Amino acid sequence: MANPTTEDHSHIGIHDIDEETQRQISEKDMAPLPGSSIHRSSSRPQLDVSGAAIQGNFEEKDPTILLPNQSDDISHLALDIGGSLIKLIYFSRHADRQVDDRRKRRVKERLGVSNGNRRNFPILGGRLHFVKFETSNINECLDFIHSKQLHCGGIDSPRWPSDAPQSENAVIKATGGGAYKFADLFKERLGVSIEKEDEMNCLVAGANFLLKAIRHEAFTHMEGHKEFVQIDQNDLFPYLLVNIGSGVSMIKVDGDGKFQRVSGTNVGGGTYWGLGRLLTKCKSFDELLELSQRGDNRTIDMLVGDIYGGMDYSKIGLSASTIASSFGKTISENKELEDYKPEDISLSLLRMISYNIGQIAYLNALRFGLKRIFFGGFFIRGHAYTMDTISFAVHFWSKGEAQAMFLRHEGFLGALGAFMSYEKHGLDDLMVHQLVERFPMGAPYIGGNVHGPPLGDLNEKISWMEKFVRKGTEITAPVPMAPPATTGLGGFEVPSSKGVLRPDASKLNVGVLHLVPSLEVFPLLADPKTYEPNTIDLSDHGELEYWFTVLSEHLSDLVDKAVASEGGTDDAKRRGDAFARAFSAHLARLMEEPAAYGKLGLANLLELREECLREFHFFDAYRTIKQRENEASLAVLPDLLMELDSLTEDMRLLTLIEGVLAANIFDWGSRACVDLYHKGTIIEIYRMSRKKMQRPWRVDDFDAFKERMLGSGETKPQPHKRALLFVDNSGADIVLGMLPLARELLRRGTEVVLVANSLPALNDVTAMELPDIVAEAAKHCDILRGAAEAGGLLVDAMSNIQDGSKEDTPSVPLMVVENGCGSPCIDLRQVSSELAAAAIDADLVILEGMGRSLHTNYNAKFKCDALKLAMVKNQRLAAKLVKGNIYDCVCRYEPAS
């Protein structure tokens, strides 16, 4: 998840530009990036540093620099124009939201965090969009480019509107045969020149990038089951890339820019489409594929069983159902073409061609000793049966020793490679943890008979959402299963896998790729390679159906809160309906194909919901609820602190942990907890929850944690140096639970870092909100006040401090950092650079709440001590994970591994 961002094309913010880099970017000709074998074009405009100025505070060590005269067309657009399809990739920039936050700067300085990594060509946060059109409708592609002004740097660039002056040397990178065929058309319609890139160079460069940078890019597909394969970057090469277009090329890839075409065949996608068109009269490739799904090849193909009286030929390992001769039955039958069903012909053709490609590919892999075979090209286009057929062939001929693997972005390899041929594309240095894929409505765009309009703004998107119900072959998004409604309150049914789905639904597997250079891997993970954040396995259909139902049932209440947070206006109601439709459509799509968006876990679903809210401009649906609960909790905090201070050390520690567990009951993401809110005030519920705290808890490692904290007998252990407290909900959870625990750690001399969401999610507290909460709490506590001042949280003179005395002794710091995400869960493979820096000296991690310690990270292992605290507020989760009941408590302590 990216840090909070806003889209801004009017300038480019460059982070961490040192003197050497400034010298480089001001030179007229820039040298190619070292170690890159792809030709880098210098024909596009270089960075214009005239009028450069520092944005924000001049005291900042590494300030953002604005380039007001720089157009936003660097590495902006690339195409792969094939015989049947045009694949287009374009890049849109978005800059980090700039906030003059002295507290944040103080924390960054203490942690040694800069604005970004130093690179010769600084990577800016942005998005890669994947779009495709039918080549026969190339004018739709040109209209799309023009409507978004992609050839001019985008509609927000300084050259918008289109009558603004345009460079005579404007160039678009393209590969494929159409780069030659349509060059004049691009010049005539858009005024740009096409710079042709070698097709094979582009294919390999695109594949290498995807396999190294996208975590869930490669997958196997056998008998309808898709399983993602994690590729080790250090063990990627060599591999065989089989590109199935009109014909087939087989490329042995030995490294970046190191490859050779070792084989191929003229029997490929063009053969299937050509013969299929002649034999079935189908009008499109997709129609032919659709036919094959209803076919029965046994009416046309001669099987081993047909030859041997229905028996296997077991002596040589051939089953009765093995195809002995494609189209073999038509020889002996007295039938004409019209006597055979088109769907049977299509399936027989598909199997014949796919089996042969699979066999030739395996034989080449065997020839060169290659253990990985990746298949790509738009012959596959995500079609399940095509992948199954190729996989069967590879499995059959290798006797199970080799697997066919496929790529989610397989159709875009060439376009991506063309994009990377720009001199300053900035993708070379990106790592897998710096890429986040999201699936907004309206992406990807698809040309031909199945397409949607270029959605220019939110209002257009909402209008489109209102119209697209049950127009499955005319739109660009998944189809919601519910009838239209405009209630402002949601009211949508549980999504069903039965309903109107587009025939080309597999094309929806590609989203928008967000480039977030500030994300890093959490340094305290014991083994990042084996780390899996999700605890719940949604590959189990029953589990998937249950959680989809939970999310659907919660949708109406969520829409209520979202609309109320925006004042309940008509506009808010309209956006609320659009959000409900969009999220229901996502659920329906995933119910039909759970792996459509990549490997699916509960954390991914919850994050998808939050992203969908933000897409329709609901940025903090629980804002007023959080404020009310914070105020109520802060009012009773002084009495709680007095109670804690009256206890012995042993009893205080137990009471603190009980308090965290009791306060964690406040979770607006839990239906059971929402029902509790109707039975009492926040303080009444908190007190009730504390009274029910009876040990032993369902998972109870408190005694082990107590021994580490307090020791046994005369032995007193060293306090932890720094503790990272991953906080959960606003209100009682943070104020009456985690802050008192943080205070105790500070009292013992441990630095404390409160880790909170970068963006709002349900009623979770955010890093932006925490400093104000700490400041209010500090008015009643010397320990918190001194630590907050030391940690840079209290930068302004405080007034109305009830306890006027201040301790003279130096305080250990209390700091706040953002975690880099905006979800109730957290994937520790993608955290903010602030959190990664804070973790370097940490020796204690405390994960609190269901989302961060149960739904995710319950099985995570750390290099340091770890404490996981949560109240289980879902009966199914309680039964499955801890074999208990709702409201059971988890206190899981794991010493450093």
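Computed from a predicted structure; not experimentally measured.

J.: Can you help me understand the overall build of the protein chain in this one?
T.: Looking only at helices and strands, one finds 28 helices and 30 strands in the protein chain. By the burial criterion, 59% of the 897 residues in the protein chain qualify as buried. Residue pairs at least 24 apart in sequence account for 74% of intrachain contacts in the protein chain once pairs closer than 6 positions are excluded. Of the roughly 36,100 Å² of accessible surface on the protein chain, 49% is carried by carbon and sulfur atoms.

J.: Even after reading the chapter, I still don't get the pattern of salt bridges, so can you show me in this structure?
T.: Oppositely charged side chains are able to pair whenever their charged atoms sit close together. Enumeration over the complete set of coordinates arrives at 45 salt bridges. The shortest N-O distance in the salt bridge between Arg 695 and Asp 703 comes to 3.3 Å. One network of salt bridges, in which partners are shared, links Asp 645, Arg 652, Arg 743, Glu 744 and Arg 747.

J.: Help me understand the confidence of the model for the protein chain in this model?
T.: For any part of a model where pLDDT is low, the fine detail of the predicted coordinates should not be relied upon. Here the protein chain averages 79 in pLDDT, and 76% of its residues register 70 or above. Low pLDDT (under 50) marks residues 116-123, which in the prediction has 24 contacts with non-local residues, meaning those over four places away or in another chain. Every residue in residues 155-165 scores below 50 in pLDDT, and together they form 23 contacts with partners more than four places removed in sequence or on other chains.

J.: Would you explain unusual backbone geometry in this entry?
T.: Backbone phi values are negative for most residues with the exception of glycine, while trans is the configuration of most peptide bonds. For the peptide bond that leads from Phe 237 to Pro 238, omega is -5 degrees, which places it in the cis range. Within the element layout of this structure, Pro 238 appears in the loop between strand E12 (225-228) and strand E13 (239-244). Positive phi outside glycine occurs at Lys 883, with the angle close to 55 degrees. In this structure, Lys 883 sits in the loop between helix H28 (875-881) and strand E30 (889-894).

J.: Got a minute to help me understand the sheet that holds E12 in this structure?
T.: The strands making up a sheet are joined through hydrogen bonds of the backbone, oriented either antiparallel or parallel. What the seven strands build is an open sheet, ordered E12-E11-E19-E18-E13-E14-E15; its pairing is mixed. At either margin of the open sheet sits one strand with a lone partner, and together these are E12 and strand E15 (258-265). The sheet shows a mean angle of 30 degrees between the axes of neighbouring strands, direction not considered. In this structure, strand E14 (residues 248-255) lies alongside E15, joined through seven bridges in antiparallel fashion. Residue pairing in the sheet places Lys 252 in a bridge with Gln 260 of E15. Across the sheet, helix H6 (residues 199-213) lies against strand E11 (218-222), E13, E14, E15, strand E18 (373-376) and strand E19 (404-407), angled at about 120 degrees from E13, the strand it touches most.

J.: I tried to follow the sheet that holds strand E23 (residues 699-700) on my own but got confused; where do I start?
T.: Read across the sheet, seven strands follow the order E23-E30-E29-E28-E24-E25-E26 without closing on themselves; strand pairing throughout is mixed. In this open sheet, the two strands that pair with only one neighbour each are E23 and strand E26 (814-818). Looking at chain direction, E23 and E30 are connected through two bridges and run parallel. Across the sheet, Val 699 pairs through a bridge with Val 890, a residue of E30. Strands in contact with helix H19 (residues 649-663) are strand E28 (844-848), strand E29 (865-871) and E30; relative to E29, the strand with the most contacts, it is inclined by about 50 degrees. Helix H23 (residues 732-747) contacts strand E24 (722-726), strand E25 (751-756), E26, E28 and E29 of the sheet and is inclined by roughly 170 degrees relative to E28.

J.: For this particular structure, what's the right way to read the pairing of strand E6 (residues 85-93)?
T.: Put simply, side chains in a regular strand alternate between the two faces of the sheet. Most of E6 sits inside the fold, with nine of its nine residues counted as buried. Where burial is concerned, the two faces of E6 agree: the one with Leu 85, Lys 87, Ile 89, Phe 91 and Arg 93 and the one with Ile 86, Leu 88, Tyr 90 and Ser 92 are both buried. Both strand E5 (residues 77-81) and E6 contribute to a ladder of five bridges, which runs antiparallel. By the bridge assignment, Ile 81 is partnered in E6 with Ile 86. Hairpin remark: E5 followed by E6, antiparallel, with three residues in the connecting loop. Relative to strand E8 (residues 126-134), E6 runs antiparallel, the two sharing nine bridges.

J.: Help me understand the packing of helix H18 (residues 623-645) against helix H24 (residues 770-778), please; the structure alone is not making it clear to me.
T.: Packed helix pairs are specified by the crossing angle of their axes together with the interaxial distance, meaning the distance between the axes. Remark: H18 packs on H24, axes separated minimally by 10 Å, with the N-to-C direction vectors making an angle of 25 degrees. In terms of orientation, H18 lies roughly parallel with respect to H24. As H18 packs across H24, the resulting crossing turns out to be right-handed. For the pair H18 and H24, contact is made by Asn 630, Leu 634 and Leu 637 and by Ile 773, Glu 776 and Ala 777, respectively.

J.: Got a minute to help me understand the pairing of E29 in this structure?
T.: Taking burial as the measure, the seven residues of E29 include seven buried ones, the bulk of the element. Alternating positions in E29 separate into two faces, Asp 865, Leu 867, Leu 869 and Met 871 on one and Ala 866, Lys 868 and Ala 870 on the other, with burial throughout. Handedness of the β-α-β unit built from E28, helix H27 (residues 850-855) and E29 comes out right-handed. In terms of strand pairing, E29 meets E30 through six bridges, oriented antiparallel.

J.: Explanation requested: the packing of aromatic side chains in the structure shown.
T.: Any aromatic ring pair is given by two values, namely how distant the centres are and how the planes are angled relative to each other. Enumeration over the complete set of coordinates arrives at 23 aromatic pairs. Summarising the aromatic geometry, the rings of Phe 130 and Phe 412 are spaced 5.2 Å apart at their centres and angled 75 degrees between planes, so their arrangement reads as edge-to-face. Of this pair, Phe 130 sits in strand E8 while Phe 412 sits in the loop between E19 and helix H13 (413-420); the two residues are 282 residues apart in sequence, bridging distant segments of the chain. When sorted by exposure, Phe 130 lands in the same class as Phe 412, which is buried.

J.: Teacher, can you tell me more about the packing of H18 against H23 here?
T.: Two numbers describe how H18 lies on H23: the axes approach to 9 Å, and their chain directions differ by 35 degrees. The two elements H18 and H23 meet at a crossing, and its hand is right-handed. For the pair H18 and H23, the contacting residues are Asn 630, Ser 633, Leu 634, Val 636, Leu 637, Leu 640, Leu 641, Leu 644 and Asp 645 in the first and Ala 732, Ile 734, Val 735, Leu 736, Pro 740, Arg 743 and Arg 747 in the second. A breakdown of the residues in the contact of H18 with H23 according to their chemical character gives eleven nonpolar, two polar and three charged.

J.: Looking at this model, I keep getting lost on the environment of Lys 226. Mind explaining?
T.: Relative to the elements of secondary structure, Lys 226 occurs in strand E12. Judged by its relative accessible area of 13%, Lys 226 is buried. For Lys 226, the side chain forms a polar contact with the side chain of Glu 593, separated by 3.1 Å.

J.: What is the right way to look at the nonpolar core in this model?
T.: The nonpolar side chains of a soluble globular protein tend to be buried, and buried together. By size, the foremost hydrophobic cluster in this structure holds 63 residues, and its most contacted members are Ile 657, Trp 697, Leu 725, Leu 754, Leu 814, Ile 846 and Leu 869. Here the element with the most residues in this core is H23; it accounts for ten residues. If near-sequence neighbours (up to four positions away) are discounted, Trp 697 is found in contact with Leu 654, Ile 657, Glu 658, Leu 661, Phe 702, Cys 889 and Cys 891. One finds Leu 602, Leu 605, Ala 621 and Val 890 within the second-largest nonpolar core, a separate group that totals 51 residues.

J.: Honestly, a nonpolar patch on the surface in this entry has me stumped. Any pointers?
T.: Judged by side-chain polarity, Ile 307, Tyr 308 and Met 311 come together as a nonpolar surface patch covering roughly 320 Å² of accessible area. The residue Ile 307 is located in helix H9 (residues 304-307) in this model. Classification of Ile 307 by relative accessible area gives partly exposed; the value is 48%.

J.: Explain H6 to me, please; I cannot follow it from the model alone.
T.: Each full turn of the α-helix corresponds to 3.6 residues, which orients residues three or four apart in the same direction. Between its terminal C-alpha atoms H6 stretches 21 Å, which fits the 21 Å expected from 15 residues at 1.5 Å a residue. Counting buried positions along H6 yields eleven of 15 residues, so the element is predominantly enclosed. Turning to H6, its buried residues number three or more, namely Cys 202, Leu 203, Val 204, Ala 205, Gly 206, Ala 207, Asn 208, Phe 209, Leu 210, Leu 211 and Ala 213. Residue Asp 198 occupies the N-cap position of H6, its side-chain oxygen lying 3.2 Å from the main-chain nitrogen of Met 200.

J.: Which parts of the structure should I look at to understand the side chain of Glu 437?
T.: Here Glu 437 is to be found in strand E20 (residues 435-438). Reaching out from Glu 437, the side chain makes a polar contact with the side chain of Arg 408 at a distance of 2.8 Å. At 3.5 Å, the side chain of Glu 437 forms a polar contact with the side chain of His 409.

Cut-off values and rules
- Residues numbered from 1 in each chain as written.
- Predicted model: local features only at pLDDT ≥ 70, side-chain atom pairs only at ≥ 80, totals over all residues.
- Heavy atoms only, no water.
- Helix = DSSP H or I, 4+ residues; strand = E, 2+ residues; numbered from the N terminus.
- Buried < 20%, exposed > 50% of the residue type's maximum accessible area, 1.4 Å probe, protein only.
- Contact = heavy atoms within 4.5 Å.
- Areas by Shrake-Rupley, 256 points an atom, 1.4 Å probe, with all protein chains shown as cover.
- Salt bridge = Lys/Arg side-chain N within 4 Å of Asp/Glu carboxyl O.
- pLDDT = per-residue confidence, 0-100.
- Pairing = 2+ DSSP bridges.
- Axes fitted to C-alpha atoms, helices over the stretch in contact; angles between N-to-C directions.
- Parallel < 35°, antiparallel > 145°, perpendicular 65-115°, else oblique.
- Left-handed = near helix turned anticlockwise from the far one by under 90°.
- Right-handed = clockwise from strand over helix to strand, strands pointing away.
- Phe/Tyr/Trp six-rings, centres within 6.5 Å; stacked < 30°, edge-to-face > 60°.
- Nonpolar A, V, L, I, M, F, W, Y, C, P; charged D, E, K, R; others polar.
- Polar contact = N/O pair within 3.5 Å; in protein donor to acceptor, adjacent residues only side chain to side chain.
- Core = buried A, V, L, I, M, F, W, Y, C linked by side-chain atoms within 4.5 Å.
- Patch = residues over 30% accessible without salt bridge, like charges linked within 9 Å, V, L, I, M, F, W, Y side chains within 5 Å.
- Expected span 1.5 Å × (residues − 1).

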